[in-house]
Amino acid sequence: MTSQIIPVIMCGGAGTRLWPASRESMPKQFIAMFSERSTFQETALRVVGNALFGKPIVVTSTDFRFVVADQLQEIGVEADIVLEPFRRDSGLAVAVATVLGLRRSPDAILLILASDHAIKGVEAFHTACADALPAAQAGNIVTFGVVPYEPATGYGYLKPGLPFGDGPVRKLDKFAEKPTREMAEQYIADGYLWNSGNFLFRADTMLGELGRFQPELAVAAEGAVDAAIKDLDFVRLAKAPFESAPKISIDYAVMEKTDRSAVLAVDFGWSDLGSWEAIWANAAQDGAGNALSGRCEVVNVKNAIVHSDESILTTVIGLEEVVVIASADAVLVAPRGITSEIKVLVEKLKAAGRTEATEHRRIYRPWGYYETLNLGGRHQVKRILVKPGQQLSLQRHFHRSEHWVVVHGTGQITIGDEIQMLHENQSTYIPAGAVHRLANPGRIPLELIEVQVGSYLGEDDIVRLEDAYNRVD
């Protein structure tokens, strides 16, 4: 039986608890706030360059496909990127990964990993995977249970049972939901572990348990994979069978019902980074206990977390244990321990029709990205970046004109039958109704400022002459 593990990185979540830095259009797993790389990139790097692991499978939303591809390319990691047509919770995602693992090898071993968790001890993580492997090969579903250091109320708990032979893996006696503080203190006294949500299993074992407890998931996963199509570097799961599956987490679908569950106690510096408090605890801090990131300055501030993006200088004076998160279009100021109230705030913003609740100003495309700088009743200003060798689709707008100014690199501009090359500090004008295209023939990124003038009608104003997903709008 093979000993190589197939890592499965799950990264389809929205991460609203870390708003406004994390939003549905760009959730927390893809944002590098207090480190050089995103947690998704760190998760991928954790399972490459080690003979224990095979080529990863990344399961993500179709909305995040270009971000996933770009971030993997940045760190030089190859993976099978699988696109969910819409969200169906973790049960179906694990089922799909299980089917794909079996297609790769009939004796495949899968390691389910959340993309938004932090693990400080990488070597200890590798050791834990190796320790869990024999029990997984024997047909058990091994969950990594984190040794708790405080009575946290934000995690589920696991009660270990009798050991399997002489190894460190034990039978899993009980799953416990998120407790009150008093109950959490009792759990710790009784030797319970935090449920990390990461687990290891033989693919045929998981498929068998899905068939026992959630056959609809197994059937839907098989159908979605069977009818999947290859699109560029992605595997697009079929919509119809995917949509037929129930929305259910893998914990409820299998983990809390199976008699094959096991647990390995681990202590490798794990955090789910699910709150600003957790971000603060895991970030580098100055002598006053402040975690600072981006363009910010503080005076007489203690035990705070302050993050500011590149577009704004954020200053804080005379506060303690606060969260201050500043972006170009939204600012959050709150007590550092704030958790559930952020979700309430985001829902309130959604109900009010505030796009800031879910969307960042920067939107990624296969050719690069665009970022809205200013939006008025009859104008919009964008910053556009086109990667070397990439181009936008050929398109036409009937109700607005566009002005382009190149600020970096070289652009090849098509307007009607005319093609021109624009360099830094040169500009052009695209009248309403003109067929046009933007391309970057150079070896460095092309950056330009676009000013749209006229009635901004979005989709109704575009005639797409080529692939829809390549356009700017």
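Here the residue numbers are simple positions, counted from 1 along each chain's written sequence. Confidence filtering applies because this is a predicted model: local features only for residues at pLDDT of at least 70, side-chain atom pairs given and counted only at 80 or more, and all residues used for totals across whole chains, interfaces and linings. Side-chain descriptors were evaluated using all non-hydrogen atoms of the structure, hydrogens and water having been removed beforehand.

- In the annotation of an unreviewed UniProt entry, the chain is listed under the name mannose-1-phosphate guanylyltransferase and assigned to Rhodopseudomonas telluris.
- UniProt positions are given in the numbering used here, feature names are shortened, and annotations may be inferred rather than shown by experiment. Taken from UniProt, the Sequence similarities (unreviewed entry) comment for the chain reads in full: "Belongs to the mannose-6-phosphate isomerase type 2 family."
- Of the chain, the UniProt comment under Catalytic activity (unreviewed entry) reads exactly: "alpha-D-mannose 1-phosphate + GTP + H(+) = GDP-alpha-D-mannose + diphosphate".

**As for the overall build of the chain**
Move 1: From N to C terminus, the chain includes eleven helices and 30 strands.
Move 2: For a compact globule the rule gives 2.2 Å times the number of residues to the power 0.38, and the radius of gyration it is set against comes from C-alpha atoms. Against the compact-globule benchmark of 23 Å for 473 residues, the chain has a radius of gyration of 24 Å, which places it among compact chains.
Move 3: Referenced to the eigenvectors of the C-alpha coordinate spread, the extents of the chain come out at roughly 75 × 60 × 40 Å.
Move 4: Restricting the contact set of the chain to residue pairs at least 6 apart, pairs at least 24 apart contribute 68%.
Move 5: Accessible areas in this description were obtained via Shrake-Rupley with a 1.4 Å probe; residue shielding takes into account the shown protein chains only. For the chain, the computed accessible surface area is about 20,900 Å², with 50% contributed by carbon and sulfur atoms.
Move 6: His residues and chain termini do not enter the charge count, which takes Lys and Arg as positive and Asp and Glu as negative. The location of each charge is read from NZ of Lys, CZ of Arg, CG of Asp or CD of Glu. Measuring between centres, the 46 positive side-chain charges of the chain sit 2 Å from its 59 negative side-chain charges. By the criteria applied, helices consist of DSSP H or I runs no shorter than four residues and strands consist of E runs no shorter than two, each listed in order from the N terminus. Any two residues having at least one pair of non-hydrogen atoms within 4.5 Å are treated as being in contact.

**A word on the sheet that holds strand E21 (residues 368-375)**
Move 1: The pairing criterion is simple: DSSP has to find at least two bridges between the two strands. Pairing is antiparallel in the open sheet, where six strands are placed in the order E20-E21-E22-E29-E24-E27. Only two strands of the sheet have a single neighbouring strand rather than two, namely strand E20 (362-365) and strand E27 (427-430). Averaged over all pairs of adjacent strands, the angle between their axes in this sheet comes to 20 degrees, without regard to strand direction. Each axis is a line fitted through C-alpha atoms, taken for helices only over the stretch in contact, and angles between the N-to-C directions span 0 to 180 degrees.

**Description of the pairing of strand E19 (residues 331-335)**
Move 1: Strand direction decides the pairing type here: strand E18 (residues 322-326) and E19, joined by five bridges, are antiparallel. The partner of Val323 across the bridge, within E19, is Ala334.
Move 2: Counted along the chain from E18 to the antiparallel partner E19, the turn is four residues long.

**Here's the deal with helix H3 (residues 89-104)**
Move 1: What a helix is expected to span follows from its residue count: subtract one and scale by 1.5 Å. If you check H3, its first and last C-alpha atoms are 24 Å apart, about what 16 residues at 1.5 Å a residue would give, namely 22 Å.
Move 2: For H3, the set of buried residues is Gly91, Leu92, Ala93, Val94, Ala95, Val96, Ala97, Thr98, Val99, Leu100 and Gly101. Buried residues are those whose accessible area, probed at 1.4 Å on protein chains only, stays under 20% of the maximum for their type, while exposed residues exceed 50% and partly exposed ones sit between those limits.

**Things to note about the UniProt feature "domain: MannoseP isomerase/GMP-like beta-helix" (unreviewed entry) in the chain**
Move 1: On the UniProt side, "domain: MannoseP isomerase/GMP-like beta-helix" (unreviewed entry) is annotated at positions that read residues 298-349 here.
Move 2: Measuring from the first to the last C-alpha atom of residues 298-349 gives 29 Å, for a span that is 19% helix and 38% strand.

**Brief notes about the environment of Phe144**
Move 1: Relative to the helices and strands, Phe144 resides in strand E6 (residues 141-146).
Move 2: C-alpha separation for the pair Phe144 and Leu264, spaced 120 residues apart in sequence, amounts to 5.1 Å.
Move 3: With near-sequence residues (within four places) excluded, Phe144 lies in contact with Leu111, Ala128, Cys129, Ala132, Trp194, Ser196, Asn198, Phe199, Leu264 and Val266.

**Details of unusual backbone geometry**
Move 1: Note the cis peptide between Trp19 and Pro20, where omega equals 5 degrees.
Move 2: Inspection of the secondary structure assignment puts Pro20 in the loop between strand E1 (5-11) and helix H1 (39-46).
Move 3: Unlike most non-glycine residues, Asn303 shows phi in positive territory, near 50 degrees.
Move 4: As for its position among the elements, Asn303 is in the loop between strand E15 (296-299) and strand E16 (305-308).
Move 5: In this structure, Glu321 takes a positive phi of about 50 degrees despite not being glycine.

**Side note on the sheet that holds strand E14 (residues 291-294)**
Strand pairing in a sheet is mediated by backbone hydrogen bonds. Such pairs are either parallel or antiparallel.
Move 1: One open sheet accounts for four strands, arranged E14-E16-E18-E19; its pairing is mixed. Strand pairing shows two members of the sheet lacking a second neighbour, E14 and E19, which therefore form its edges. Pairwise comparison of adjacent strand axes, ignoring direction, gives a mean angle of 5 degrees for this sheet.
Move 2: For E16 and E18, the ladder comprises four bridges, and the chain directions are parallel. Bridging from a neighbouring strand, Ser308 pairs with Ala326 of E18.

**Looking at the packing of helix H6 (residues 203-213) against helix H7 (residues 215-226)**
Move 1: With their axes 5 Å apart at the nearest point, H6 and H7 run at an angle of 125 degrees to one another. Classified by the angle between their axes, H6 and H7 sit oblique to one another. For the pair H6 and H7, the contacting residues are Leu207, Leu210, Gly211, Arg212 and Phe213 in the first and Pro215, Leu217, Ala218 and Glu222 in the second.
Move 2: Residues were grouped as follows: Ala, Val, Leu, Ile, Met, Phe, Trp, Tyr, Cys and Pro as nonpolar; Asp, Glu, Lys and Arg as charged; and all remaining residues, including Gly, as polar. Tallied by class, residues from the contact of H6 with H7 come to six nonpolar, one polar and two charged. Note on angle classes: values under 35 degrees are labelled roughly parallel, values over 145 roughly antiparallel, values of 65 to 115 roughly perpendicular, and the remainder oblique.

**Points about the pattern of salt bridges**
Move 1: Throughout this description, the term salt bridge denotes a Lys or Arg side-chain nitrogen within 4 Å of a carboxyl oxygen of Asp or Glu. Taken as a whole, this structure holds 21 salt bridges when the rule is applied.
Move 2: Among the ionic pairs, Lys350 bridges to Glu24, the shortest N-O distance being 2.7 Å. Taken together, the positions of Lys350 in helix H11 (residues 340-351) and Glu24 in the loop between E1 and H1 put the pair 326 residues apart, joining distant regions of the chain.
Move 3: One salt bridge in this structure joins Lys387 and Asp70, with 2.9 Å as the shortest N-O distance. With Lys387 in the loop between strand E22 (379-386) and strand E23 (395-397) and Asp70 in helix H2 (residues 65-75), this pair connects stretches of sequence that are 317 residues apart.
Move 4: What makes Asp70 buried here is its relative accessible area of 16%.
Move 5: Here the salt bridges do not stand alone but share partners, grouping Glu209, Arg212, Asp259 and Arg260 into one network.

**Comments concerning the packing of aromatic side chains**
Move 1: The rule is short: rings of Phe, Tyr and Trp, with Trp giving its six-membered ring, pair when the centres are within 6.5 Å, and they are stacked under 30 degrees, edge-to-face over 60, tilted in between. Going through the model one piece at a time under the given rule, you end up with 14 aromatic pairs.
Move 2: Note on Tyr155 and Trp194: the rings are 4.8 Å apart at their centroids and 65 degrees apart in plane angle, and the pair reads as edge-to-face. Of this pair, Tyr155 sits in the loop between E6 and strand E7 (157-163) while Trp194 is found in strand E9 (residues 193-202), placing the two residues 39 residues apart along the sequence.
Move 3: On the basis of relative accessibility, which here comes to 13%, the residue Tyr155 falls in the buried class.
Move 4: In this structure an aromatic cluster arises from ring pairing among Tyr149, Tyr155, Trp194 and Trp270.
Move 5: Two limits define a charge over a ring: the Lys NZ or Arg CZ must be within 6 Å of the ring centre, and within 35 degrees of the ring normal. The ring of Trp280 has Arg336 lying over it, and the distance from NZ or CZ to the ring centre is 3.5 Å.
Move 6: Its guanidinium or amino end placed over the ring of Tyr369, Arg362 lies 4.1 Å from that ring's centre, counting from NZ or CZ.

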